[in-house]
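Overview (structure and organization)
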Amino acid sequence: MSRKACVIGAGPNGLAAAIVLAQAGSQVEVFEAEPTPGGAARTLELTQPGFLHDFGSAVHPWVVGSPFFSTLPLEDYGLQWVHSPAPLAHPLDDGTAVTLERDLHDAEAALGSDGKTWRKLMAPFVEGWSEFAPEVLRPVHLLPRCPLLMARLGWHALSSAKSLVRRFGNSRTRALFAGLAAHSFLSLDESLTAAFGLLLGVAAHAVGWPLPRGGSQSISNALCAHLAKLGGRVKTAARVESLSALPHYDVTLCDLTPRQLLRVAGDRLSRSYQHRLENYRYGPGVFKVDYALARPIPWKARECLRAATIHLGGSFEDIAASEEAMRKGKHADRPFVLLAQPSLFDATRAPEGKHTAWAYCHVPNGSRVDMLGKLEDQIERFAPGFRDCVLARRVFSPAQLEEMDANLVGGDIGGGAMNFRQFLFRPTWRQYATSARDIYICSSSTPPGGGVHGMCGYHAARMALSRLSTSLR
Ligand SMILES: Cc1cc2nc3c(=O)[nH]c(=O)nc-3n(C[C@H](O)[C@H](O)[C@H](O)COP(=O)(O)OP(=O)(O)OC[C@H]3O[C@@H](n4cnc5c(N)ncnc54)[C@H](O)[C@@H]3O)c2cc1C
């Protein structure tokens, strides 16, 4: 008899878990609170009719680089990838921009006197990507399959972006690396920031930073379609308040963060496990704005029109000051802004001749400060006249993000802080398992953490299946 499995939450990790369970022959039902599946990988008309905005994730190296998603026939369900000529551009105050070129040799040439150093830093990981990606996208393991690469990464993990950039002679390269490292939501003098920057750079060279045509919803729709083909079902607008309200399932996987797991399953969990979940730390939040634009953003540096992702913050020192303020619970006057301009490369996102943009900056968790003026000042710094292009905007404070996806606690888009403890043991030393044998957690609050790669769901479902088969023996 096939086993009955339930997944709560249809984000990328919930859908990945559901697919693994369905592939193993389980009857799977997914309960999703929102009317549309996808969690933080949804695309919605957030401003005006005809303008398609990515509510959450926009740029997807981790889908194409995911050891699990890359095995699925997602293209059969309409998923198509669009690569901008350069993955990333980083404008500077002198009116020029430094670009991150996808090809490592092109990057070497573009970075001038630092090119060779950049290539030497990235090349071992890029060349070993097929072995390296499965290792970094799973729980930390004492016996990795590529020990030399992992030792090299571990050495960088102990170090900070501030110390790594000392090897670059040019302030342009230091600024470029600062933008990559700032994705960590850490201060750039903290451990792990060098490794974060390195991983994003390596991913750009190994698989690119592509956009899905039509937006991130195309990824979620393809995952749902594949799940349906395997016999799984997704019920939308079905928020689960308590596991006790659901029928019996042999196993339940929760694409939830610890706070929600406590809410829906607290009475099924041991006191000591509940206590550990209560001590879980959330990370900083984001303040996000979606724009409908009358024309492309008027960048001072033309190179910015070659890249789907733009990092706005200027020099290493400026970005470091922004991230340090956020870590101290403050709001930077000149916040580091991450911006995506998908419609330049994917015409399906906006009516003909019109454009969309997606931008956010880091703020303390749960911040109520209106950052719109400061965020737009940063765009204007590198694209004077930007505000004149805006047809409509939709602002999301951390609380408004959480209203749209309950996993975005206090605006935290990574499922929890990435400090050393939660890097190693996430959300507890049990990782995907809980104190109840039939309940698992599979969201980005488990290893390897945030990003649309589905590997949290994949590993959680594999663990659940292996324990189920042991208990049936
Ligand atoms: C603004 C923003 C920008 C981002 N940019 C990128 C990017 O460019 N690239 C990238 O790779 N990643 C990006 N991310 C991160 C990425 O989207 C997340 O890491 C990823 O979506 C996590 O997947 P998940 O399945 O763990 O959680 P989620 O995607 O958050 O999904 C959780 C799901 O569970 C549902 N749910 C919650 N509670 C319940 C309940 N009680 N009952 C039923 N359902 C429930 C939610 O509605 C949601 O659908 C971004 C995120 C945000 C918010």
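The paragraphs below set out a description of the structure included in this document. Here the structure is a predicted model, which is why all the values come from computation and not from measurement.

**A few points about the overall build of the protein chain**
Tallying secondary structure elements over the protein chain gives 17 helices and 16 strands in all. Computed over C-alpha atoms, the radius of gyration of the protein chain comes to 21 Å, within 12% of the 23 Å expected from 2.2 N^0.38 for 473 residues, which places it in the range of a compact globule. Reported as C-alpha extents along the three principal axes, the dimensions of the protein chain are approximately 65 × 50 × 40 Å. Going through the 473 residues of the protein chain one by one, you find that 60% of them count as buried. Side chains of the protein chain give 50 positive and 43 negative charges; the mean places of these two sets differ by 6 Å.

**A few points about the packing of helix 1 (residues 12-23) against helix 10 (residues 217-229)**
As a packed pair, helix 1 and helix 10 sit with axes 10 Å apart at the nearest point and diverge in direction by 20°. Accordingly, the angle class assigned to the pair helix 1 and helix 10 is roughly parallel. Once helix 1 is placed against helix 10, the crossing between them reads as left-handed. Residues L15, A18, I19 and A22 of helix 1 lie in contact with helix 10, whose contacting residues are S220, L223, C224, H226 and L227. Looking at the contact of helix 1 with helix 10 residue by residue, the classes come out as seven nonpolar, two polar and no charged.

**Section: the sheet that holds strand 13 (residues 337-340)**
One open sheet accounts for seven strands, arranged 7-6-12-13-14-11-15; its pairing is mixed. Only two strands of the sheet have a single neighbouring strand rather than two, namely strand 7 (97-100) and strand 15 (390-396). Adjacent strand axes in the sheet meet at a mean angle of 20° when their direction is disregarded. The strands that helix 8 (residues 171-181) touches are strand 6 (86-91), strand 7 and strand 12 (307-312); relative to strand 7, the one it contacts most, it runs at about 55°.

**What about the nonpolar core?**
By size, the foremost hydrophobic cluster in this structure holds 105 residues, and its most contacted members are F68, W118, F132, L153, F177, L188 and L253. Judged by nonpolar contacts, the second largest core, of 29 residues, contains A86, A307, M371 and C389.

**Some remarks on the site of the ligand**
Residues in close proximity to the ligand total 38 residues, the closest being E32, V59, D255, D405 and G451. Contact with the protein chains removes 95% of the 1000 Å² of surface that the ligand exposes when unbound. Elements supplying a minimum of two residues to the shell around the ligand: helix 1 and strand 14 (355-363). The element best represented in the shell around the ligand is helix 1, accounting for three residues. Of the residues contributing to the shell around the ligand, the split by class is 18 nonpolar, 14 polar and six charged.

**A few points about the environment of E45**
One can find E45 in the loop between strand 3 (43-44) and strand 4 (53-54). For E45 and L211, which are 166 residues apart along the polypeptide, the C-alpha to C-alpha distance reads 17 Å. Among the polar contacts made by the side chain of E45, one reaches the main-chain amide nitrogen of G50 at a distance of 3.0 Å.

**Re helix 13 (residues 316-327)**
An α-helical turn contains 3.6 residues, so any two residues separated by three or four positions project in the same direction. The end-to-end C-alpha distance of helix 13, which contains 12 residues, comes to 16 Å, matching closely the 16 Å that a straight helix rising 1.5 Å per residue would cover. F316, I319, A320, S322, E323, A325 and M326 are the residues of helix 13 that are buried. Looking at the buried side of helix 13, the elements it contacts are strand 6, helix 7 (161-164), helix 8 and strand 14. One or two positions beyond helix 13, positive phi appears at G329, with a value near 80°.

**Some words on the packing of aromatic side chains**
Tallying each qualifying case throughout the model produces 14 aromatic pairs. Their ring planes at 75° and their centres at 6.4 Å tell us that W118 and F177 sit as a pair that is edge-to-face. With a gap of 59 residues between them, W118 in helix 4 (residues 115-127) and F177 in helix 8 connect regions that are remote in the sequence. For the pair shown, W118 and F177 are each scored as buried. Over the ring of Y249 we find K4; its NZ or CZ atom is 5.5 Å from the centre of that ring.

**Examining the pattern of salt bridges**
One pass over the full model with this rule turns up 23 salt bridges. Among the ionic pairs, E101 bridges to R306, the shortest N-O distance being 3.0 Å. Taken together, the residues E101 in the loop between strand 7 and helix 3 (104-110) and R306 in the loop between strand 11 (285-293) and strand 12 connect sequence positions 205 residues apart. A relative accessible area of 31% places R306 in the partly exposed class.

**Points about the pairing of strand 14**
Counted residue by residue, strand 14 has nine buried out of nine residues, so it is predominantly covered. Of the two faces of strand 14, the one carrying H355, A357, A359, C361 and V363 and the one carrying T356, W358, Y360 and H362 are both buried. Note: strand 11 against strand 14, nine bridges, orientation antiparallel. The residue bridging K288 from the neighbouring strand is Y360, located in strand 14.

**Looking at the sheet that holds strand 1 (residues 4-8)**
A sheet is described by the order of its strands in space; here five strands give the open sequence 9-2-1-10-16, paired in parallel fashion. Both edges of this open sheet fall to strand 9 (233-235) and strand 16 (439-441), since each of them pairs with a single strand only. Going across the sheet, the axis of each strand differs from the next one's by a mean of 20°, ignoring polarity. Across four bridges, the pairing between strand 1 and strand 10 (residues 251-254) is parallel. Directly across from V7, in strand 10, lies its bridge partner L253.

Parameters at a glance
Residues numbered from 1 in each chain as written. Predicted model: local features only at pLDDT ≥ 70, side-chain atom pairs only at ≥ 80, totals over all residues. Heavy atoms only, no water. Helix = DSSP H or I, 4+ residues; strand = E, 2+ residues; numbered from the N terminus. Rg over C-alpha atoms; globule rule 2.2 N^0.38 Å. Buried < 20%, exposed > 50% of the residue type's maximum accessible area, 1.4 Å probe, protein only. Lys, Arg positive; Asp, Glu negative; His and termini not counted. Charge placed at Lys NZ, Arg CZ, Asp CG, Glu CD. Axes fitted to C-alpha atoms, helices over the stretch in contact; angles between N-to-C directions. Parallel < 35°, antiparallel > 145°, perpendicular 65-115°, else oblique. Left-handed = near helix turned anticlockwise from the far one by under 90°. Contact = heavy atoms within 4.5 Å. Nonpolar A, V, L, I, M, F, W, Y, C, P; charged D, E, K, R; others polar. Pairing = 2+ DSSP bridges. Core = buried A, V, L, I, M, F, W, Y, C linked by side-chain atoms within 4.5 Å. Near = heavy atom within 4 Å. Areas by Shrake-Rupley, 256 points an atom, 1.4 Å probe, with all protein chains shown as cover. Polar contact = N/O pair within 3.5 Å; in protein donor to acceptor, adjacent residues only side chain to side chain. Expected span 1.5 Å × (residues − 1). Phe/Tyr/Trp six-rings, centres within 6.5 Å; stacked < 30°, edge-to-face > 60°. Lys NZ or Arg CZ within 6 Å of the ring centre and 35° of its normal. Salt bridge = Lys/Arg side-chain N within 4 Å of Asp/Glu carboxyl O.

These results come straight from atomic positions and should not be treated as a statement about function.
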